[in-house]
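# Fold and geometry: a report
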Amino acid sequence: MIRCVFASLLVSALLIPVFSANAGWVETKDGKDYIHLKVFSLPDPNNTFVMNRIDLTVLREFRKKYPYIIPEKGTGLTLEKVAFDAGPLMAIAGGVSPDVIYVNFRQSDTYIQEGFLHPLTEYVTQMKREDIEEYEMRVPKAVEPVIYRKGPAGTQEYWAMPYNTFVMALYYRKDLFAEVGLDPDRPPENWDELMEYCKKLTDPTKKRYGLLLGGSGGSISWRFMSFLWSAGGEAVKQDEDGQWRAAFDTPEAAEAAWFYKELLTQKWRAADGNIYEGYCTPDANAWGEGRCGMNFGYLDDKTIARGSNPDLIGISPVPKGFTGIRGSEINCTMMGIFSGVKDPRIRDAAWKYIRFMDNMEAKKVRVRSMIDEGMGRMVNPILLERFNYQEHLDKVPKNWLPVFKETLLNGHPEPYGKNCQFVYHYLTQPLDEIVQMQLGGQLDELNKAQQLKVIQERMTHYARVTDEKMIGIIAPDVMTRRKLAAAVFVSVVGIALIFILRYIWRVFTPEESVGKGWQLRKYWVAYCLLVPAVLSILVWRYIPLIQGSIIAFQDYSVVKESKFVGLTNFANILFDKAWWMAMWRTLHYMGIMVVLGFFPPIMLAILLQEVSKGKVIYRTLYYLPAVMTGVVVLFLWKMMYDKSPEGLLNQVIGLVGIKPQRWIEDTRLAMVCCILPMVWAGLGPGCLIYLAALKSIPNEMYEAADIDGASFVGKIQHIVVPSLKGIIMIQFINFFIMAAQNAGYILIMTFGGPAEATNVAGFEIFKQAYVYLKFGTATAMSWTLASMLLGFTVIQMKRLSRMEFRAAASKEGQ
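About the cut-offs
- Numbering of residues starts from 1 in every chain and runs along the sequence as written.
- In view of the model being predicted, local features appear only for residues whose pLDDT reaches at least 70, and side-chain atom pairs are presented and counted only at 80 or more, with totals across whole chains, interfaces and linings using the full set of residues.
- Note: side-chain values were computed over all heavy atoms of the structure, leaving out hydrogens and water.
- Here a strand is any run of E in DSSP of at least two residues, a helix any run of H or I of at least four, and the numbering for each starts at the N terminus.
- Burial here depends on accessible area, computed with a 1.4 Å probe over protein chains only, as a share of the maximum for the residue type. Under 20% is buried, over 50% is exposed, and the range in between is partly exposed.
- Contacts are assigned to residue pairs that have any heavy atoms within 4.5 Å of one another.
- A 1.4 Å probe and the Shrake-Rupley method give the accessible areas. Residues count as covered only by the protein chains that appear here.
- Between Lys or Arg on one side and Asp or Glu on the other, a salt bridge is scored when a side-chain nitrogen of the former is within 4 Å of a carboxyl oxygen of the latter.
- Each pair of aromatic rings taken from Phe, Tyr and Trp, with Trp reduced to its six-membered ring, is defined by centres within 6.5 Å and is described as stacked if the planes are under 30 degrees apart, edge-to-face if over 60, and tilted in the remaining cases.
- Only Lys NZ and Arg CZ are tested; either one counts as a charge over a ring when it is within 6 Å of the ring centre and within 35 degrees of the ring normal.
- Pairs of strands are assigned from DSSP output, requiring at least two bridges between the strands.
- The set of buried Ala, Val, Leu, Ile, Met, Phe, Trp, Tyr and Cys residues whose side-chain atoms join them within 4.5 Å is what this entry labels a nonpolar core.
- Here a helix's expected span is defined as the number of its residues, less one, multiplied by 1.5 Å.
- In protein, a polar contact requires one atom able to donate a hydrogen and another able to accept it; more generally it is a pair of N or O atoms within 3.5 Å, and residues adjacent in sequence count only if both atoms are side-chain atoms.
- Lines fitted to C-alpha atoms define the axes, with helix axes restricted to the stretch in contact, and inter-axis angles between N-to-C directions lie between 0 and 180 degrees.
- An angle below 35 degrees is read as roughly parallel, one above 145 as roughly antiparallel, one from 65 to 115 as roughly perpendicular, and any other as oblique.
- Left-handed is the label given to a crossing in which the near helix is rotated counterclockwise from the far helix by less than a right angle, and right-handed is the label when the rotation is clockwise.
- Amino acids outside the nonpolar list (Ala, Val, Leu, Ile, Met, Phe, Trp, Tyr, Cys, Pro) and the charged list (Asp, Glu, Lys, Arg) are all regarded as polar, and Gly is one of them.
- For every residue, the predictor states its confidence as a pLDDT score lying anywhere from 0 to 100.
- Only protein atoms enter the 1 Å grid, on which a cavity is a set of points fitting a 1.4 Å probe that cannot get out and a pocket is an open set with protein on both sides within 12 Å along at least 5 of 7 lines, lining residues being those with an atom within 4 Å of a point.
- Grid points are joined across faces, edges and corners, and a volume is the space filled by probe spheres set on the points.

The next thing to look at is the overall build of the protein. Helix and strand counts for the protein stand at 34 helices and 19 strands. Oriented by its inertia axes, the alpha-carbon framework of the protein measures out at about 100 × 80 × 60 Å. The proportion of buried residues among the 814 residues of the protein is 50%. Across the protein, contacts joining residues at least 24 apart in sequence account for 73% of those joining residues at least 6 apart. Accessible surface computed for the protein: about 39,700 Å², of which carbon and sulfur atoms make up 59%.

This part is about the pattern of salt bridges. The tally for this structure, following the rule as stated, stands at 38 salt bridges. The partner of Glu406 in a salt bridge is Arg326, with the nearest N and O atoms 2.9 Å apart. Placement of Glu406 in helix H17 (residues 400-409) and of Arg326 in the loop between strand S15 (313-316) and strand S16 (328-337) is noted, with a sequence separation of 80 residues between them. Residue classification places Glu406 among the partly exposed residues on the basis of a relative accessible area of 29%. You can call Arg326 buried: its relative accessible area is 10%. It is possible to trace a salt-bridge network through shared partners that takes in Glu130, Glu134, Arg138, Arg355, Asp358 and Lys363.

A separate point is the packing of aromatic side chains. Counted under the stated rule, the structure contains 34 aromatic pairs. The interplanar angle of 80° and the centroid separation of 5.7 Å between the aromatic rings of Phe259 and Phe322 together place this pair among those described as edge-to-face. Placement of the pair is Phe259 in helix H11 (residues 251-265) and Phe322 in the loop between S15 and S16, with a sequence separation of 63 residues. A relative accessible area of 2% places Phe259 in the buried class. With 6.1 Å between their ring centres and 35° between their planes, Tyr641 and Trp663 make a pair best called tilted. Separated by 22 residues along the polypeptide, Tyr641 in the loop between helix H26 (630-640) and helix H27 (648-654) and Trp663 in the loop between H27 and helix H28 (670-694) bring together distant segments of the chain. Comparing Tyr641 with Trp663 shows no difference in burial state: the two are buried. Aromatic rings pair up to connect Trp191, Phe224, Phe227, Phe259, Tyr260, Phe296 and Phe322 into one cluster. One cation-aromatic arrangement involves Lys128 over Tyr135; the distance from NZ or CZ to the ring centre is 4.8 Å. The residue whose ring lies beneath Lys448 is Trp258, and the NZ or CZ to ring-centre distance is 4.3 Å.

This part covers the pairing of strand S4 (residues 100-103). Every second residue of S4 is oriented toward a common face, with Val100 and Tyr102 on one face and Ile101 and Val103 on the other, all of them buried. Direction of pairing for S4 relative to S16: antiparallel, over a ladder of four bridges. Bridge assignment links Ile101 to a residue of S16, and that residue is Gly336.

This paragraph deals with the side chain of Asn569. With respect to the helices, strands and loops of the structure, Asn569 is situated in helix H22 (residues 568-574). Non-local contacts of Asn569, meaning those with residues more than four positions away in its chain, are made with Ile551, Ala552, Phe553, Gln554, Gly776, Thr777 and Ala780.

With that settled, the discussion passes to the nonpolar core. Counting 223 residues, the largest nonpolar core has Leu211, Phe227, Leu263, Met294 and Tyr353 as the members making the most contacts within it. Considering each element in turn, this core owes the most residues, twelve residues, to H28. If sequence neighbours within four positions are ignored, Tyr353 has contacts with Leu37, Val39, Ser41, Leu42, Leu59, Phe62, Pro71, Val100 and Met335.

Further remarks concern unusual backbone geometry. Although it is not a glycine, Asn419 sits at a positive phi angle of roughly 55°. Residue classification places Asn419 among the buried residues on the basis of a relative accessible area of 15%. In this model, Phe751 sits at a positive phi of 55°, which is unusual for a non-glycine residue. Relative to the elements of secondary structure, Phe751 occurs in the loop between helix H32 (743-749) and helix H33 (761-771). By relative accessible area, Phe751 is classed as buried at 15%.

Our focus in this paragraph is helix H19 (residues 448-471). The end-to-end C-alpha distance of H19, which contains 24 residues, comes to 32 Å, matching closely the 34 Å that a straight helix rising 1.5 Å per residue would cover. If you follow the buried residues of H19, they end up packed against strand S9 (236-238), strand S10 (244-246), H11 and helix H18 (423-439). Of the residues that open H19, the one with a side-chain oxygen 3.2 Å from the backbone nitrogen of Ala449 is Asn447. Within two residues after H19, Gly472 carries a phi angle of roughly 90°, on the positive side.

A word on the packing of helix H2 (residues 50-65) against helix H13 (residues 344-356). It is the contact of H2 with H13, at a shortest axis distance of 11 Å, that shows an interaxial angle of 135°. With respect to H13, the axis of H2 lies oblique. For the element pair H2 and H13, the recorded crossing hand is right-handed. On H13, the residues that touch Val58, Leu59, Glu61, Phe62 and Lys65 of H2 are Lys352, Tyr353 and Phe356. Residue classes in the contact of H2 with H13 are distributed as five nonpolar, no polar and three charged.

Along the polypeptide, Lys767 turns up in helix H33. Residue Lys767 is classed as buried on the basis of its relative accessible area of 9%. If sequence neighbours within four positions are ignored, Lys767 has contacts with Phe751, Glu756, Asn759 and Tyr772.

Residue-level pLDDT values for the protein average 85, and 91% of them are 70 or greater. With pLDDT under 50 throughout, residues 1-22 is counted as low confidence; its partners more than four residues away or in other chains account for 50 contacts. Ignoring residues within four places in sequence, the model shows residues 810-814, a span with pLDDT below 50, making ten contacts including any to other chains.

For H18, which comprises 17 residues, the first-to-last C-alpha distance of 25 Å matches the rise-based estimate of 24 Å (1.5 Å per residue) to within 8%. Buried residues of H18: Val423, Tyr424, Tyr426, Leu427, Thr428, Pro430, Leu431, Ile434, Val435, Met437 and Gln438, and no others. Buried residues in H18 make contact with helix H4 (105-113), helix H10 (219-230), S9, H11, S16 and H19. Positive backbone phi, approximately 85°, marks Gly441, located one or two places after H18.

Right, let's talk about empty space enclosed by the protein for a bit. One pass over the structure, following the stated rule, counts two cavities of 30 Å³ or more. Roughly 40 Å³ of volume is contained in the largest cavity. Around the largest cavity sit Trp191, Leu194, Ser226, Phe227, Ser230, Phe296, Val318 and Pro319, which together line it. Of all the secondary-structure elements, those providing two or more residues to the lining of the largest cavity are helix H9 (191-201) and H10. Across the lining of the largest cavity, the residue classes tally to six nonpolar, two polar and no charged. Within this model, the second largest cavity holds a volume of roughly 30 Å³. Taken together, Glu114, Phe116, Tyr556, Ser557, Val558, Leu773 and Phe775 make up the full set of residues lining the second largest cavity. The class makeup of the residues in the lining of the second largest cavity is five nonpolar, one polar and one charged.

Rendered as structure tokens:
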């Protein structure tokens, strides 16, 4: 396990600086240079979606203006369960980063401080000199601190350029407003009105709800941000000395969390006499199906309310909080130049692409194309006015432009501080706990002031957790104690490893060779035959193992120079609750795997041994699943796990009256669902091993048992099990160790979900290395996991040293 992890980590680390720098290339043809520019995303020529066709039109205009620049879509690993903004990190980790990369607000600080981005100061300064209007339209004032800040060298630089701006607003359904007696032209102005509107709109008997809110994962806190800002709070703040800290430990944040909790859990009695909790639904389909009255969503600086029918859907600024503040999110999709691009010609081409894709020329092409597509009333009124499309400007709902301007004016940038790609994860934890406290009755007897006190205590606790886990703020005395514990752990593991290696060397050294050295002259032919295999193992296994050990003591960077941090990585993971929960899930996985996957092959082999006819046919049938690759098997079962009533397994259980199950989306079933495909595929190969071992049992033993009147079970108990005891023990230990190498199965089936129910240790290591680029932490985790398996390795080696292998004699009819 550990060797495989180290090998993959090391190979990726070594390849990144070699290949990432050469993503784009220059081709000289007929005396001219043609620049092949790798871009993170390009419109698909085969996609007939309207906005995709418009993007293609803009791209064609770029090619006309710069015929010597050839944009090409960059390659990289895309995973189904990984958010789009994690894609660039995966590409960088895999050594295939494009020249033009996507930059997200939350991850921008990581990109900058890790040295992934080339400064754009020279280009942006020139742009501001040439056309200040273009700059001001592309970079709202609230966004400038995100793109212009200090880098790893301590100097202020421009790092990225927005190409689309979004602001958060409140969408509402006019038809539902009218149905319950609300004015379709008067959306809620403040939190009190928002609560009142939700009460009027909600009718569980009609499956109709007031607001789309709640859910699971990061979406909880993402929707909470507007409440937090409208209460006057913040998620993170930067001190005067530049240190980022969690800031949701304030009375304002507690007030926002209290109101959020009330929307989700307030008890009320409906007309049917039943008591319900809350006025919200987490089901996104409810909005699309017309069963939800209000929803927070983005307004686009190009199309305002993209895809919304203004006759049916209204938009308004987010409601004001109890303080009278209106706080909405402002966000941008941005582009930057990867720092690995060393050729200035490619960098210049990358900047031309970045600047063109949202400059005035591109905006004009986009507006004209949208009008030609019949979407004139959806275009941002600012652009219609700018390019003199008065006829279409008159068709745009009158309040859209004021709403867009007000939300832009009150916009707060999405959190963009240190490691803020995790901010929604950590902010969700207190919100989840507060809601569960209310649902569990713990807050029922408290008045509002008392509830606010309890809520602020929980928010403060999790703010400190965020400071430590996300930002890395740990008190010096605490870190000293942790490093001391880490030193003890590393020392124990190191000493144990030395003793194990000596033990293995002694056990596998033949007695007749003790004290005689290598005996090169006597066995030189054997040594020559072993050299290629030994070199291959050294290069691909043990050298990565040794170099991987060094990474465990570094803050490893794929671009910058790595820093030596001593025992910090081990100190962090030894006191990381999430890591130990992943280890516990690994033990859970291994236990289920042993129960479901270890014993069935033994029983199947015994049964097949008793079959008198057609043995070859049965063995072939059971072995067939192993012919398919593991990926095919997993995707086959994933299709069978379809949660809809039409899913194969749901149809099967439906025959006996069981309601459809959510399978891999159910926290109770997900782990077993991940294991079953591999048990099914491994049944045949495992069975053949035991069938081969059963051949070594003499027929005379069975005949003697028959004479003594032994039953079928008695033969298994007194003949088969004792005879196969050695191979069963070896296979059991090997099976247990192999069960720990489960990251690939989890990656394909669930990506650690739902609610981290399948986030096992091997997969946590994968995420730390290739999603978060924390190679040092991942390597330390690998060592920790490997140390847990050392005992099994010793037992396995001891058993192997005592076993004698010989060919079984052929038996007639078998």
